[in-house]
Amino acid sequence: MIPISDIAHRLEGVKKSLLPGVNLVAVSKYHPVEALRQAYDAGQRIFGESRAAELVQKNALMPSDVEWHFIGHLQTNKLKAVIPLVSVVQSVDTEHLLQAIDAESVRIGKTTGVLLQVHVAAEESKYGFNPDELLHNIEVLCSHLKGVSVRGIMGMATNTDDIERVKADFKMLKYVFDTLKAGYFRNNPAFDTLSMGMSHDRDIAMACGSTMVRVGTDIFGDREY
Ligand SMILES: *Cc1c(COP(=O)(O)O)cnc(C)c1O
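Conventions used here
- Residues numbered from 1 in each chain as written.
- Predicted model: local features only at pLDDT ≥ 70, side-chain atom pairs only at ≥ 80, totals over all residues.
- Heavy atoms only, no water.
- Helix = DSSP H or I, 4+ residues; strand = E, 2+ residues; numbered from the N terminus.
- Buried < 20%, exposed > 50% of the residue type's maximum accessible area, 1.4 Å probe, protein only.
- Areas by Shrake-Rupley, 256 points an atom, 1.4 Å probe, with all protein chains shown as cover.
- Lys, Arg positive; Asp, Glu negative; His and termini not counted.
- Charge placed at Lys NZ, Arg CZ, Asp CG, Glu CD.
- Near = heavy atom within 4 Å.
- Polar contact = N/O pair within 3.5 Å; in protein donor to acceptor, adjacent residues only side chain to side chain.
- 1 Å grid on protein atoms, 1.4 Å probe; cavity = no way out; pocket = protein on both sides within 12 Å on 5 of 7 lines; lining within 4 Å.
- Points joined across faces, edges and corners; volume = space filled by probe spheres on them.
- Nonpolar A, V, L, I, M, F, W, Y, C, P; charged D, E, K, R; others polar.
- Salt bridge = Lys/Arg side-chain N within 4 Å of Asp/Glu carboxyl O.

Caption draft 1: The arrangement of the overall build of the chain in detail. Along the chain, the regular secondary structure elements total nine helices and eight strands. Reported as C-alpha extents along the three principal axes, the dimensions of the chain are approximately 50 × 45 × 30 Å. Every one of the 225 residues in the chain was classed for burial, and the buried ones make up 49%. Accessible surface, the chain: about 10700 Å² in total, of which carbon and sulfur atoms supply 51%. Placing the 24 positive and 28 negative side-chain charges of the chain at their respective mean positions leaves the two points 5 Å apart.

Rendered as structure tokens:
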């Protein structure tokens, strides 16, 4: 773990590296709430968490104007705990989950932002919509939503040193985003977010058109798994 007093400085460095218009999610999963507090006091408001129980715990200890983004695989039996707390679920990877988030949001009278997770990496995650299937099925998937605002897509590049492969993955995500934005979502200005890029590949992601990077390690140091 890095000293907690370094976090404000590291956050500042990450913010300076962002291209204009790119939003920062501080990925605080597995880090103690004292670390989040340092980032909060340095001005950060959007935090990313990947486990329901951890989110609930931290939410109770952090100021109420924190904007939580859920970025991990989400099971429907966790929605009652998670949906009241989050502004955006970035990791919507099945129609079943999307429908369940919609139903729970309607039930509690809120609109939840979602990003559709798109799977382009070679091997890294089994989660996410296939790009072709998403483009084909977007109308069926999204036409009856009442409690959800589809804000864009989220994806991860292959975890490799092969920069060309990483670029190709991000370009594919950008293509899916642009196609949806010019097509099904053409009259929906809320569809504005292309969430791609983490600590090690965010410069490439931003060069490929990312509007939101999710940065953990470069702000908070290594996680203990
Ligand atoms: C953990 C995680 C990140 C942050 O990764 P770092 O390499 O620590 O910046 C970003 N996105 C998702 C989906 C994650 O699970």
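Caption draft 2: Local environment of the site of the ligand. Around the ligand sit Val27, Lys29, Ile71, Met156, Met198, Ser199, Arg214, Val215, Gly216, Thr217 and Arg223, and that is every residue in its neighbourhood. Between Lys29 and the ligand, the recorded distance is 2.6 Å, taken from a side-chain N or O atom to an oxygen atom. Within the contact set of the ligand, an oxygen atom lies 2.6 Å away from a side-chain nitrogen or oxygen of Ser199. Bound to the protein, the ligand loses 90% of the 390 Å² it would expose on its own.

Caption draft 3: Representation of the layout of surface pockets. Of the pockets and cavities examined, the largest pocket occupies roughly 560 Å³. Lys29, Ile71, Met156, Met198 and Arg214 are, among the 24 residues lining the largest pocket, the residues nearest its centre. Secondary structure elements with two or more residues in the lining of the largest pocket: β6 (148-156) and β8 (212-215). Computed from the structure, the second largest pocket encloses a volume of approximately 160 Å³. Along the walls of the second largest pocket sit Asn23, Ile46, Glu67, His69, Ser87, Val88, Gly113, Leu115, Arg151, Asp192, Thr193 and Met212, which together make up its complete lining. Only β3 (67-70), β4 (86-92) and β5 (112-119) provide two or more residues apiece to the lining of the second largest pocket. Across the lining of the second largest pocket, the residue classes tally to four nonpolar, five polar and three charged.

Caption draft 4: Representation of the pattern of salt bridges. According to the stated counting rule, one finds eleven salt bridges in the structure shown. Notably, a salt bridge pairs Asp41 with Arg37, separated by 3.6 Å at the nearest N-O pair. On the criterion of helical spacing, the pair formed by Asp41 and Arg37 is a turn pair, its members being four residues apart in helix α2 (residues 33-41). With relative accessibility at 35%, the residue Arg37 sits in the partly exposed group. With its nearest N and O atoms 2.8 Å apart, the salt bridge here joins Glu54 to Arg51. When salt bridges that share partners are traced, they join Glu49, Arg51, Glu54 and Lys58 into one network.

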